[in-house]
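Okay, here's what each chain looks like letter by letter:
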Amino acid sequence: MLSNTDIAELLAQQAERETGIPSRAFRRAARSAFVWSAEVANLIRQNRSLTELRSVGPFIEKQIRNWIEKPPHPAKTVPVVRQDFISTAEARRLLPARPAWREKLRGDLQMHTRWSDGSGTIAEMAEAAPGRSYQYIAITDHSKALKIAGGIDERALKRQGAEIAKLNAAMSKSGAHLSVLRSIEMNLNPRGEGDMSPDSLLGLDLVLGSFHSALRTTEDQTERYLAALRNPHIHILGHPRGRIYNFRIGLKADWPRIFAEAAQLDKAVEIDCYPDRQDLNVALLKIAREHGTRISLGTDAHHAWQLEFIDLGLAAALRAKIPTDRILNFMPVLELKAWAQSIRDRTTSRRCFASYFLS
Ligand SMILES: [Zn+2]
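Residues numbered from 1 in each chain as written. Predicted model: local features only at pLDDT ≥ 70, side-chain atom pairs only at ≥ 80, totals over all residues. Heavy atoms only, no water.

### Notes on the overall build of the protein chain
Here comes step 1: If you tally the helices and strands in the protein chain, you get 14 helices and eight strands.
Here comes step 2: Its C-alpha atoms give the protein chain a radius of gyration of 21 Å, within 12% of the compact-globule value 21 Å for 359 residues.
Here comes step 3: Along the first, second and third principal axes, the C-alpha set of the protein chain runs to 75 × 50 × 40 Å.
Here comes step 4: Buried residues in the protein chain amount to 53% of all 359 residues.
Here comes step 5: Across the protein chain, the fraction of contacts at a sequence separation of at least 24, relative to all contacts at a separation of at least 6, is 78%.
Here comes step 6: In the structure as shown, the protein chain presents an accessible area of about 16500 Å², 54% of it carried by carbon and sulfur atoms.
Here comes step 7: Averaging the positions of the 51 positive and the 41 negative side-chain charges in the protein chain gives two centres separated by 1 Å. (Helix = DSSP H or I, 4+ residues; strand = E, 2+ residues; numbered from the N terminus. Rg over C-alpha atoms; globule rule 2.2 N^0.38 Å. Buried < 20%, exposed > 50% of the residue type's maximum accessible area, 1.4 Å probe, protein only. Contact = heavy atoms within 4.5 Å. Areas by Shrake-Rupley, 256 points an atom, 1.4 Å probe, with all protein chains shown as cover. Lys, Arg positive; Asp, Glu negative; His and termini not counted. Charge placed at Lys NZ, Arg CZ, Asp CG, Glu CD.)

### Considering unusual backbone geometry
Here comes step 1: Put simply, Asp279 and Leu280 share a cis peptide bond, and its omega is 10°.
Here comes step 2: Considering the arrangement of structural elements, one finds Leu280 in the loop between strand 7 (268-272) and helix 12 (282-291).
Here comes step 3: A positive phi is found at Asp84, a non-glycine position, where the angle reads about 65°.
Here comes step 4: Here Asp84 shows up in the loop between helix 4 (58-69) and helix 5 (88-94).
Here comes step 5: For Asp266, which is not glycine, the phi dihedral falls at a positive 65°.
Here comes step 6: Its location among the elements puts Asp266 in the loop between helix 11 (255-265) and strand 7.

### Examining the coordination of the zinc ion
Here comes step 1: Note on the zinc ion: its protein donors are Glu185 (OE), His212 (NE2) and His239 (NE2). The metal-donor distances range over 2.0 to 2.2 Å.
Here comes step 2: For the zinc ion, the single-chain donor residues occur in sequence as E-x26-H-x26-H. Remark: His212 occurs in the loop between strand 5 (208-211) and helix 10 (222-230) and Glu185 occurs in strand 4 (residues 185-188); sequence separation between them is 27 residues.
Here comes step 3: Under the relative-accessibility criterion, Glu185 is labelled buried at 1%. (Donors = N, O, S within 2.8 Å, 3.2 Å for Na, K, Ca; no water.)

### A word on the side chain of Asn4
Here comes step 1: Mapped onto the elements, Asn4 comes out in helix 1 (residues 4-17).
Here comes step 2: Accessibility expressed as a relative area gives 0% for Asn4, which makes it buried.
Here comes step 3: Setting aside anything within four residues of it in sequence, one finds Asn4 in contact with Ala33, Trp36, Ala38, Glu39, Val40, Ser87 and Ala89.

### What about the pattern of salt bridges?
Here comes step 1: Taken as a whole and assessed by the stated rule, the structure comprises 20 salt bridges.
Here comes step 2: Residues Arg277 and Asp272 are paired through a salt bridge, measuring 4.0 Å at the closest nitrogen-oxygen approach.
Here comes step 3: Residue class for Asp272 comes out buried when judged on its relative accessible area of 0%.
Here comes step 4: Within the structure, one salt-bridge network assembled from shared partners comprises Arg92, Arg102, Glu308 and Asp311. (Salt bridge = Lys/Arg side-chain N within 4 Å of Asp/Glu carboxyl O.)

Right, here's the structure in full:
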């Protein structure tokens, strides 16, 4: 039986044989296959139309039905740019084996709103969350240097903070158990430096740092990761590799060294759960596990419905056998805040120590 992951690969290969509009349609469907919530083979068995699936029109449906009826020979190896992605259907098969994981999940630590390039308001993201019995969500809009994503500056970040405080007060008054955490996805340059004034970050609960530039270089990038982790303002390294399904393989680095450094600094590396990121992937998560590195799960949702992408991250962590005490999102909100504070305290005490000897 062909799984959605097999179908994604067939669609991607078909896209390479076609040109123009059909090629783009196959490519888009390949990407979308990771979001389809049920296995196509099951939908066909239930006599359901495949056009209910994202990016599937009658033309693509016909092609998929042909493949299911007469499965083609398994293709040559899957190219690296499409390897090690979990489909939503697969994640939903894996997760019931460990029901405690979903129950333990307290929140989502990466999402975007209209303040940058997301489509929902902060309140809409918060409303979508309680269905998942979350205690918190972190709002991580882009920072100012990422102009293409409408990154926000210090002033906007402050106004956003006021909006979050107001929403938290209203939610607590209405008896809701959700806290919206103030955060940011700070853009890092290839030297690991952020683009926001350190003072503006002090009022935040958490700071994610991510690379969005020079992601196609083929040289080893270990130094940029070490610099990012040592950046005193960063708690979590977002979508570390920078890979995108069928588009970019991401950066090359000495991962054991990076995960060891993160563990040493008690910082977290992320599983960006966005279907065509899934970054870190299972192979790298296994290395992170060996080093005892903390893992953060963030959907990178740009729409409220995308909060469901969390299942892909949970499934990857489960598959890589990450111990539950290493997953930030399993921490109750106070514990999470205490961890974030401990990282800040450590950097301040180091600075005091340094200035003591320099004075
Ligand atoms: Zn990002």
